[in-house]
Structures are given as C-alpha cells and as structure tokens.
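Observations on the three-dimensional arrangement
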Amino acid sequence: DGVRRQFTRKLQYLCAGELMSGARSWKGCGPRCVEYASGGYRLVVTTEFENVVCALHAFKKDGSRGRKTRKHDSDTAAQRYKEICVEYAARVRKQ
C-alpha cells in the first residue's frame, strides 16, 4: 500500500509538470521513458506526448536476478508504449 501511494504521488507531480528526482532512463520505449523505484517495485512512465503522462507498466523486481529486469516486464512496457504511440497519432490526426 505504501508503494502504491508513492507511485501515485509521483504520477501526480508529473501531471502537474514538476520534475522529480529518482528517475532512471528506460531503454527501448522512447526518449522520455523513465523508471521510478520504490523498494522492490518499479514504475515505467513516459511523458513523451504533449499534456499526457502514461504509466506503461508497474511490476515487482525479481530479487534473484540481481539488477537485470525480466524480459516479460521489458516487453510489456515496450508493447504498451507502441500501442500508446498508435493511439496518440490517431488522435492528433483527428484534430
């Protein structure tokens, strides 16, 4: 529950346009994708699109793997990023 609160607060700050410490770049999902950590949990977010903050994936790190993120978690974030890119492009074309 504490992790959920921390991630919710981080998303609220991002939506308000405030910069936060603790963000690490996330490779494979675009130039403005970052990862936030809280304990053994991770939140992958992109702020690439104008006036939009997208939480791509939240997951628990597998402690037995050390620093390496599971491929499933990386693939999930990448797939969601691609889906959001398509949806955002369709919305921009309609305007």
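An account of the accompanying structure is given in this report. (Residues numbered from 1 in each chain as written. Predicted model: local features only at pLDDT ≥ 70, side-chain atom pairs only at ≥ 80, totals over all residues. Heavy atoms only, no water.)

1. Remarks on helix α1 (residues 2–15)
An α-helical segment advances 3.6 residues per turn. Residues three or four places apart therefore align on the same side. For α1, which comprises 14 residues, the first-to-last C-alpha distance of 20 Å matches the rise-based estimate of 20 Å (1.5 Å per residue) to within 8%. What α1 keeps buried is the set F7, K10 and L14. Looking down the long axis of α1, one finds its buried residues gathered within 55° of arc, a one-sided arrangement. Exposed and oriented more than 90 degrees from the buried face of α1 are R4, Q12 and C15. Looking at the buried side of α1, the elements it contacts are β2 (33–38) and β3 (41–46). Of the residues flanking the end of α1, it is G17, one or two places downstream, whose phi is positive at about 85°. (Helix = DSSP H or I, 4+ residues; strand = E, 2+ residues; numbered from the N terminus. Expected span 1.5 Å × (residues − 1). Buried < 20%, exposed > 50% of the residue type's maximum accessible area, 1.4 Å probe, protein only. Arc of directions from axis to C-beta. Contact = heavy atoms within 4.5 Å.)

2. With respect to the environment of R93
By the element assignment, R93 lies in helix α2 (residues 71–94). Distance in space between the C-alpha atoms of R93 and G63 is 43 Å, their sequence separation being 30 residues.

3. Side note on the side chain of S38
With respect to the element layout, S38 can be found in strand β2. We classify S38 as buried; its relative accessible area is 8%. A polar contact is formed between the side chain of S38 and the side chain of Q6, at a distance of 2.3 Å. Discounting residues that sit within four places of it in the chain, S38 has contacts with V3, Q6 and F7. (Polar contact = N/O pair within 3.5 Å; in protein donor to acceptor, adjacent residues only side chain to side chain.)

4. So, α2
Between the first and last C-alpha of α2 there are 35 Å, a value that for 24 residues agrees with the 34 Å anticipated at 1.5 Å per step. Buried residues in α2 make contact with β2, β3 and β4 (54–60).

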